[in-house]
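Residue-level structure breakdown
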Amino acid sequence: QVHVEESGGGLVQAGGSLRVSCAASISILNIDAMNWYRQAPGKQREWVASMINGGSTNYIGSVKGRFTISRDNAKNTVYLQMNSLKPEDTAVYSCNVVRYGMAYWGKGTLVTVSS
């Protein structure tokens, strides 16, 4: 069983920055990918960003240039640095770890951006 835990959410003013973390209970050197998703109140969950094993990254258009995904292999952790935050970024941010085609999810962390 792979355990995934997000942290770092909170309340921030529009224009501010926040970094959320996703820690895995396994080495992230041996996974297929780590993905960030978010679910805003009353909306469906949407994919935000991915880091594929090997280091390549992808982002949804609405966060390109503002969000950056990175990793710390020693800590088995992937980060999502969020800059220039907007009220519409308010959501529960969750991550999953994909290994051998199986996705393991955390419970999420709430990010609230005030206007």
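Since we're looking at a predicted model, the values are computed, not measured.

**With respect to the sheet that holds strand β3 (residues 18–24)**
Read from one edge to the other, the open sheet built from four strands follows the order β1-β3-β8-β7, with strand pairing classed as antiparallel. Because the sheet does not close on itself, it has two edges, and the strands there are β1 (4–7) and β7 (67–72). Across this sheet, the average inter-strand angle for adjacent strands is 15°, counted without regard to direction.

**Here's the deal with empty space enclosed by the protein**
Rolled over the atoms, a probe with the dimensions of a water molecule shows which regions are left empty. Taken as a whole and assessed by the stated rule, the structure comprises one cavity of 30 Å³ or more. When its volume is computed, the largest cavity comes out at roughly 50 Å³. Lining the largest cavity we find I28, I31, A33, M34, M51, I52, N53, R71 and V78. For the lining of the largest cavity, the secondary structure elements donating two or more residues are β4 (33–39) and β5 (46–52). Split into classes, the residues belonging to the lining of the largest cavity amount to seven nonpolar, one polar and one charged.

**Quick look at the state of the cysteines**
Under the definition given, this model contains one disulfide. Covalently, C22 is tied to C95 through a disulfide, its sulfur atoms 1.8 Å apart. Since a negative S-S torsion denotes a left-handed disulfide, the C22-C95 link at about 70° is right-handed. Taken together, the residues span a long stretch of sequence, with C22 in strand β3 and C95 in strand β9 (residues 91–99) at a distance of 73 residues. On the accessibility criterion, C22 (0% relative accessible area) is buried. When its relative accessible area of 1% is taken as the criterion, C95 is described as buried.

Scoring rules and cut-offs
Residues numbered from 1 in each chain as written. Predicted model: local features only at pLDDT ≥ 70, side-chain atom pairs only at ≥ 80, totals over all residues. Heavy atoms only, no water. Pairing = 2+ DSSP bridges. Helix = DSSP H or I, 4+ residues; strand = E, 2+ residues; numbered from the N terminus. Axes fitted to C-alpha atoms, helices over the stretch in contact; angles between N-to-C directions. 1 Å grid on protein atoms, 1.4 Å probe; cavity = no way out; pocket = protein on both sides within 12 Å on 5 of 7 lines; lining within 4 Å. Points joined across faces, edges and corners; volume = space filled by probe spheres on them. Nonpolar A, V, L, I, M, F, W, Y, C, P; charged D, E, K, R; others polar. Disulfide = S-S within 2.5 Å. Buried < 20%, exposed > 50% of the residue type's maximum accessible area, 1.4 Å probe, protein only.

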